[in-house]
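# Residue-level structural notes
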Amino acid sequence: MNQAELKREIEHRWHGRAQCEYYPGYLSEVQCERAVLPELCGKLFLEWGLSFAGLVVEEGQTDWQLRYIFYGDREAGWVHVLIQAPLSEKKFPSIVKFVHAVDWHEREVEDLFGLHFEGHPRLGDFVLHDDAWQENVEPMRKGFDAKIAMQQRKPDEDWRPRRIVQEPGAFVMPIGPKFSGVTECVHFLLESVGEDVIRSTPRLFYKWRAVEKSAEGKSPDEVLLLAERFAATTAFAHGLAYCQAVEKICGTSVPSRAKVLRVFLAELERLRQHAGAIQEICESTALVVANSQAGIFEEDLLRISGELTGHRYLFGLLALGGLQCDLPDAACHKALKQSEQTLAQLNQLEERLRVSSSFLDRLEEVGSVAWRNAMVYGLLGPIARASDLVRDLRRAQAYSGYETFQFDVPSEKEGDGYARLRILFAEARQSVRIMQQALAALQSGSVREAVKVQAGAALGWVEAPRGGAFHWVRINEGGKISRYRIVAPSFANWHGFHLAVEKFAFQDFPIMLSTFDLSVSENDR
Amino acid sequence: MGWLGCLAAIFLLLAAVNALYFGNTFVQPLWALRGLTTLTLSLDRLSAVFLMVTGLVLFPASIYAGSELNRQPHLQHGRVFTVLMFGLYASIGLIFIAGDVVSFLLAWEVMSILCYLLIVSAREKQNGHADSGYLLLAMGEAGTLVAAFGFLLLAVQTNAFDFTGIKAGALILDKPTRMTIFLLSFFGFGVKAGLVPVNFWLPRAYAAAPRAFVPVLAGATLNLGLYGILRVNADLMPAIHAGPGLIALVIGTLSALLGILYATTDNDLKVMLAHSSIENVGIITAGFGAGMVFVAGNHPALASIAFVTALYHLANHSLYKTLLFFGAGVVETQAGTRDMDRLGGLIKWMPLTALGFLAGTLSIAGLPPFNGFVSEWLTLQTMLRSAELSETSIKLIFALCGAGLALTAALAVTCFVKVFAMSFLGMRRLEENQKVVEPKSGALVPIFILAVLCLVFGILPTYIIPSLDSALTPLAGASAAENLVPPFFASNPDHNTLPPAFLQDFHNLGAQVGQSILPGRGLVVLHRGGEQNPVVFAMSTSYMFVTLIVLLLLTYVIVRLWLTRRRMLERRVRWDGGVRKLLPEMTYTATGFSNPVRVIFDAVFRPTTVEDTRETVAEHFRTAIRREKERVHPVDKLVFRPVQVAALWIAGRLAAIHHGRFNIYATYALLALLTVLVVFLLFQAS
Amino acid sequence: MSQWVINGILTGIKTTGYPAKKETAPGVTPGLPVGGNYPGDKINALIERCPTRVFSDSDGQIIVENRRCIHCFRCVRGIEPPIGWDSNYETGRFHDGQHEFGQPFHRSIHICVVDAGDCGACLNEVKQLNNPYYNMHRLGFFVTPTPRHADVLLVVGTVTDHMRVALQKVFDAMPTPKRVVAVGACALSGGIFAESFVCSKGVTTVLPVDVEVPGNPPPPLAILHGLLVAVGRKAPALSEPTKNR
């Protein structure tokens, strides 16, 4: 439904208790009462088919503001549901019964801000581990004093893992945080009675660097560095989302050459990240030649990126208002040609993998995620599209000129490991297709527009290689960042990871982990 | 209890040694029973072997029982228990030296009842111990009845009630009679021994029996059933066709397999050991069966080997099973629980107990240089020797059973690795406030006595085998000692009857090393083949033991004095993946360890799901996953339950005639009288 | 399965000639800034422009502390004149002057890689060491998952508060002799996250570091160089701040 219908429905159903204002073609803001909030959000999510992007909590001078961000396709646009309450109020209703995707958002807010969500059955021990920090440490509050918090630390000595499986002889197998060869640090608690994993509980935030807190009080230029570097394997995508948020606040219109080059570089990054994900999958199944081949492709693309931009991970190219420096056309065409060659080799790899039955045996029907679960958990990116949950921000809420390019959004129905692998290959093909169109549409011009920093708040979004990323930025009167909220795609995907793992043997676990292409640094910030 | 019991055991041992080594066997008639028979006592070498084993087991068991009773100051219960135990000792002794059918059965009945009384006298707070005791009694009576039928049939057919008479008369029995008697005695005594399909009382009874009694139950009374089988089918009535032997072989293998499967997947220390007893009894029975087939097939040497092996295993089993039950009892009293999922790390607090228990575990798993290795190895070698038989079908059955026994040996290793590791090693899983200390010497001394005996039986098989052999030669018709422990080692080399090629092979094996230094007969047990292949296999656990000691010392010396001279020896934190604290619930449980066996043999276990619920809150928050599976033992399912159902049905029908009214019963009496009169008149007339 | 064998053989040899030969393919390294002469009136602007204070002024000469460089390129882009740039990737060096690691490190080594809070790029570059282009196995470097078998501990990432215990446990579980190699700007100085209250200012505050490899992320060749310095097969970069080359 479109924005006008939305407004009508909302104001009709919750007459007097919810007001909806909309800015045509862009955003609807719904102010509602606390009691109405769960039902309203449930309607948006389950009945009217909007997706949940994130929950942003801001501590104002006198009030809390909770912002629940939903989005649909072009017609429905963005829907922000807002709740205000005085700072003394610490209890809020939980909407988790209706929108299960908000589960981890509310847990994070409880840990970092100290707000309690009534009705949420599992708050606590999330970002701030109970066996490292005591309760009532609220680092995201404005008045937080880090020195005192560190001095007065009292970890819980009697911490025990939560046991879900109640079967005689069940035990909790710990994996990590240091495990395997070269992996990120994440802790798993696998409940089992012997051979099968009955329940998996990941314990994340071992890498929590408090990026959102560090950003407060810095200038937008400095925070761009944080945005690029907190999850560097998809640095350009996150940096782009941040830049778009700030450019929206400041009303800057980015020159068209910069827009097209941004698209080109974003797709190059997507191609490279997908090659890396394919390499991980081949490595986990121990298919050595395919692993080496995919490794060659990833290194090729890293070198292409490095040669084109000076940095293999595309650091230092983005700037507020465009790009920091221009890229010569000839270099771009060379990079495109090399990418096309790499893509041809990737296609050949896919053909070979398609007929390797021992490889497929380990992926087919392993780690399946049903559509309904994917929807309820709000999964994003290629893994959601493998479960037939198609919502690509490049299509649904096009940005940076994507609406002018022709491309398909591939999807599969099985939702198992093999479907996810096929999506990766298909998206790689589409990326190159977009890159070709981008260079064809490239015109000369400047690549940077000066940005006049002013106060305001806006959401920037991007379809990162792992799924939709949402950056909410608020700049205060002094021209400094007062709130920076990052919702990374891995946050939602880690949430839904346990759906795939349950009921499979220990040996399948690393394979399912690799097919999900999860990033711990993205989730942990 | 302790001292008197030890004294009794010493008497038993003396009697046995007297008969076995000095040849003082006797047949002593006692009282004549008019119309029936003369009650006779007869002690021959076979009984002496069993008496010796029993004596070796009862000696430490008495000490242990004494210390158990002292631990619990229920004086009343203690006195009753002591009296009953001594009665049991007496009845066991009597069974072994019974020389005729009637005294045998009398002693057997007394033993049965005493066993039942000992179990239910415990009056501890365990549920169901009265039921288990009752089941033991019921099954025991059923078995006694069937065995008695067998005996009576034998006695009637051979027209004698004493064993010597029966043996003389049994030669003329024909095959169907023999088969009937075999079946009756095999399954009748099999109840007491613990063979499939009549052993479903065993795990329950062992679980319910008090700690002081269970070792005797496993180490002494189990042997009675095997004694009965052996006496009837190998001594009184030697086999002339292969049928009975094959049945024994197959049933033995099945018991062994089922027993070890259930032992591996059970977490209760006592119940698991009970299932393991079933397994060992199965191996012994398979050995008996093999021996009977060889006797029937006219291979007396092989038969002798088979019988010797089976008896050796019987002796070994008594020793190490008693030891393990001591250990289980100690664990239960000191740690408060028998559930292996909740034990762990006890070696830190009970190192001596752990050492003794380790000896028992290594023995039962069949690892050199302990005794289990010798008897398991000999059993498998015997199965292999079936290649010398003529009939293909018999050879096939032997091959399958041999494979089955090899499988049980492998599973036994798994099972007992699990037992020792989950109870004594790893992290402690008990509650914090449970104090665990080393038990008093009253419990430790018996453990160490048996541990030493296990080692001795393992490294000196060359002394054990001839003793057993002297008892079994009359049964098999030939001596096995020649084949297993050649007199080459005898101090008198003139007794050398072996071919030169054989001697040469022998020299090449280095088997003569140390003959002048080491006392007594040599240290090698070898399995001798035919003309073509003089030495089939040679093995020396004594050498192994010595080599093991030497290697360990050498390793220690090398490491300590040379390798670590210039480098430091460091103790570092345990690597656990970097978790902040490794908790007991993060360690492998006994269930987890044995889960692969459970999964692979799912077709045998066929568990039914009792509960499989998933609790959720708010539709997606899983709060609990509860799963519970129930297993019904196949024997229970196929034998016990149907019998139960049938018995109840019959009882139900019969109940129809019990109205409870006096008039009806008077009518029944009148009817019965009339019927008898009519029948009498009819017969009188005809 | 023969298709894989043929495919592998037909791909040919992709491995770089490094360390025997210099690797000159484009895109293998982002390079690092280089100090030296700089117009005196613009020095302060340059020093201010760097977000992590890489530059300092010593008598009109720029001194570069490349442990802190996060590759934002603001010292070469958008500023006139741009700072000197060096595409050399052999940047590994000793932390504080120790030059001889001893015999156990002269042959092949087993490396335990610990991620103590990195952004993903450094770890990805370490992962690239196993692809056919770099193939660190041919140099005798192997990755082991357990610290018990490890000779060298390779740490990436600024040590976050939650990972402190784990990292310390890895170090404690390694048998002596052992060495620590810190890779990346975050591991050397905390990088862009140094001010965060849950991040330490580099691995040097937690463990004794032996070899440092600067960069954000250092390219695989630089990491290889660092490892070769650790086994004494390559000379380290100069420990003093780089001067005019």
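Small disclaimer: the values here were computed from a predicted structure and weren't measured. (Residues numbered from 1 in each chain as written. Chains lettered and ligands numbered in written order. Predicted model: local features only at pLDDT ≥ 70, side-chain atom pairs only at ≥ 80, totals over all residues.)

It is worth spelling out the overall build of chain B at this point. Counting its regular elements, chain B contains 24 helices and 6 strands. Counting all 686 residues of chain B, 48% fall into the buried class. Contacts in chain B between residues far apart in sequence, at least 24 positions, make up 78% of those at least 6 positions apart. (Helix = DSSP H or I, 4+ residues; strand = E, 2+ residues; numbered from the N terminus. Buried ≥ 20, exposed ≤ 12 C-beta atoms within 10 Å, placed from the backbone. Contact = placed C-beta atoms within 7 Å.)

On to the overall build of chain C. Along chain C, the regular secondary structure elements total 6 helices and 11 strands. Relative to the compact-globule value of 18 Å for 245 residues, chain C shows a C-alpha radius of gyration of 19 Å, a close match. Each principal axis of the C-alpha atoms in chain C carries an extent, and together these give about 65 × 45 × 30 Å. Here chain C holds 245 residues, and the buried ones make up 52% of them. (Rg over C-alpha atoms; globule rule 2.2 N^0.38 Å.)

This part is about the pairing of strand 10 (residues 179–183) of chain C. Residue and element names in this part refer to chain C. Burial runs high along strand 10: 5 of the 5 residues are buried. Neither face of strand 10 is left uncovered, since the one carrying Arg179, Val181 and Val183 and the one carrying Val180 and Ala182 both have all their residues buried. Bridge analysis of strand 9 (residues 152–156) against strand 10 gives 5 bridges, and the strand direction is parallel. In the strand pairing of strand 10, Val155 is matched with Ala182. Of the pairings in the sheet, the one linking strand 10 to strand 11 (residues 211–213) comprises 3 bridges and is parallel in character. In the strand pairing of strand 11, Val183 is matched with Val213. (Pairing = 2+ DSSP bridges.)

Once that is clear, we can look at the interface of chain A and chain C. Facing the 50 residues of chain A at the interface are 50 residues of chain C. Among the elements of the structure, helix 5 (211–215), helix 6 (220–229) and helix 9 (288–309) of chain A are those that each provide at least two residues to the side of chain A that touches chain C. Element by element, the count of residues in the side of chain A that touches chain C is highest for helix 9 of chain A, at 12 residues. By residue class, the composition of the side of chain A that touches chain C is 22 nonpolar, 16 polar and 12 charged. (Nonpolar A, V, L, I, M, F, W, Y, C, P; charged D, E, K, R; others polar.)

All names here are of chain A. Pairing is antiparallel in the open sheet, where 4 strands are placed in the order 9-10-11-17. A strand with exactly one partner marks an edge of an open sheet, and here the two such strands are strand 9 (171–175) and strand 17 (504–505). As paired elements, strand 10 (residues 187–192) and strand 11 (residues 196–203) share 6 bridges and run antiparallel to each other. Along strand 11, the bridge assignment pairs Leu190 with Ser200. Packing against the sheet, helix 16 (residues 489–501) makes contact with strand 11 and strand 17, and its axis sits at approximately 170 degrees to strand 11. (Axes fitted to C-alpha atoms, helices over the stretch in contact; angles between N-to-C directions.)

In this section: the sheet that holds strand 3 (residues 55–58) of chain C. All names here are of chain C. A sheet is described by the order of its strands in space; here 3 strands give the open sequence 2-4-3, paired in antiparallel fashion. Of all the strands in the sheet, just strand 2 (36–37) and strand 3 have a single pairing partner and so form its edges. Direction of pairing for strand 3 relative to strand 4 (residues 61–64): antiparallel, over a ladder of 4 bridges. By the bridge assignment for strand 4, Ser56 is matched with Ile63.

A few words on unusual backbone geometry. Look at the link from Val196(B) to Pro197(B): it is a cis peptide, with omega at 0 degrees. A cis geometry characterises the amide bond from Glu80(C) onward to Pro81(C), with omega recorded as -10 degrees. The phi angle at Asp517(A) is positive, at roughly 50 degrees, despite the residue not being glycine. With respect to the helices and strands, Asp517(A) occurs in the loop between helix 17 (509–515) and helix 18 (520–524). In this structure, Asn135(C) takes a positive phi of about 45 degrees despite not being glycine. Positionally, Asn135(C) belongs in the loop between helix 3 (121–128) and strand 8 (141–143). In this structure Asn135(C) comes out as partly exposed when scored by C-beta crowding, with 18 C-beta atoms within 10 Å.

Moving on, we come to helix 7 (residues 235–250) of chain A. All names here are of chain A. Look at helix 7: 22 Å from first C-alpha to last across 16 residues, which is about the 22 Å you get at 1.5 Å a residue. The element helix 7 is largely enclosed, with a buried count of 15 among its 16 residues. Of the residues trailing helix 7, Gly251 is marked for its positive phi of about 70 degrees. (Expected span 1.5 Å × (residues − 1).)

Quick look at the nonpolar core now. Most often, soluble globular proteins keep nonpolar side chains buried together rather than apart. Membership of the largest hydrophobic core comes to 254 residues, with the highest contact counts inside it found for Cys41(A), Phe70(A), Val126(C), Leu153(C), Val155(C), Val181(C) and Val183(C). Once residues lying within four places of it in the same chain are set aside, the contact partners of Phe70(A) are Leu44(A), Phe45(A), Leu50(A), Ser51(A), Phe52(A), Ala53(A) and Val79(A). With 190 residues, the next largest nonpolar core counts Ala65(B), Ala274(B), Val330(B) and Leu453(B) among its residues. (Core = buried A, V, L, I, M, F, W, Y, C linked by C-beta atoms within 7 Å.)

Moving on, we come to the environment of Val330(B). Residues and elements named next belong to chain B. With respect to the helices and strands, the residue Val330 is situated in helix 12 (residues 300–335). A residue is classified by how many C-beta atoms lie within 10 Å of it, and Val330, with 28 of them, is buried. For Val330, the residues in contact, after removing those within four places along its chain, are Thr353, Pro439 and Ala443.

With that settled, consider the packing of helix 13 (residues 351–365) of chain B against helix 16 (residues 441–459) of chain B. Residues and elements named next belong to chain B. Between helix 13 and helix 16, whose axes approach to 9 Å, the crossing angle comes to 35 degrees. Taken as a pair, helix 13 and helix 16 cross one another with a handedness that is left-handed. Only Leu444, Ile447, Phe448, Ala451, Cys454 and Leu455 of helix 16 make contact with helix 13, whose side of the interface consists of Leu352, Thr353, Gly356, Ala359, Gly360 and Ser363. (Left-handed = near helix turned anticlockwise from the far one by under 90°.)

Residues and elements named next belong to chain B. Among the secondary structure elements, Phe96 is positioned in helix 3 (residues 75–97). Residue classification places Phe96 among the buried positions, given that 27 C-beta atoms sit within 10 Å. Sequence spacing of Phe96 and Arg45 is 51 residues, and the spatial spacing of their C-alpha atoms is 11 Å. Among residues more than four places away in sequence, those in contact with Phe96 are Ser47, Phe50, Leu51 and Tyr227.

Another point: the pairing of strand 9 of chain A. Residue and element names in this part refer to chain A. Where burial is concerned, most of strand 9 is hidden: 4 out of the 5 residues are buried. As judged from the 5 bridges shared by strand 9 and strand 10, these two strands associate in the antiparallel manner. Within strand 10, the residue paired with Phe171 across the bridge is Ser192.

Residues and elements named next belong to chain C. Of all residues in chain C, 96% have pLDDT values of 70 or greater, and the mean over the chain is 87. The least confident element of chain C, judged by mean pLDDT, is strand 2 at 83; the most confident is strand 8 at 95. Here residues 241–245 is a poorly scored stretch, pLDDT under 50, and it has 13 contacts once near neighbours within four places are set aside; other chains count. (pLDDT = per-residue confidence, 0-100.)

Atomic detail in the predicted coordinates should be set aside for any region of low pLDDT. When pLDDT is averaged along chain B, the result is 84, and 89% of the positions lie at 70 or above. Throughout residues 489–493 of chain B the model reports pLDDT below 50, and contacts reaching past four residues in sequence, or to other chains, amount to 4 contacts.

So, about the packing of helix 2 (residues 45–71) of chain B against helix 12 of chain B. Residues and elements named next belong to chain B. Orientation of helix 2 relative to helix 12, taken along the N-to-C sense of each, is 5 degrees, at an axis distance of 9 Å. Classified by the angle their axes make, helix 2 and helix 12 are roughly parallel. Contact residues: Val49, Val53, Leu56, Val57, Pro60, Ala61, Tyr64 and Arg71 in helix 2; Leu311, Leu314, Ala315, Ser318, Leu319, Thr322, Phe326 and Thr333 in helix 12. Of the residues assigned to the contact of helix 2 with helix 12, the class counts are 12 nonpolar, 3 polar and 1 charged. (Parallel < 35°, antiparallel > 145°, perpendicular 65-115°, else oblique.)

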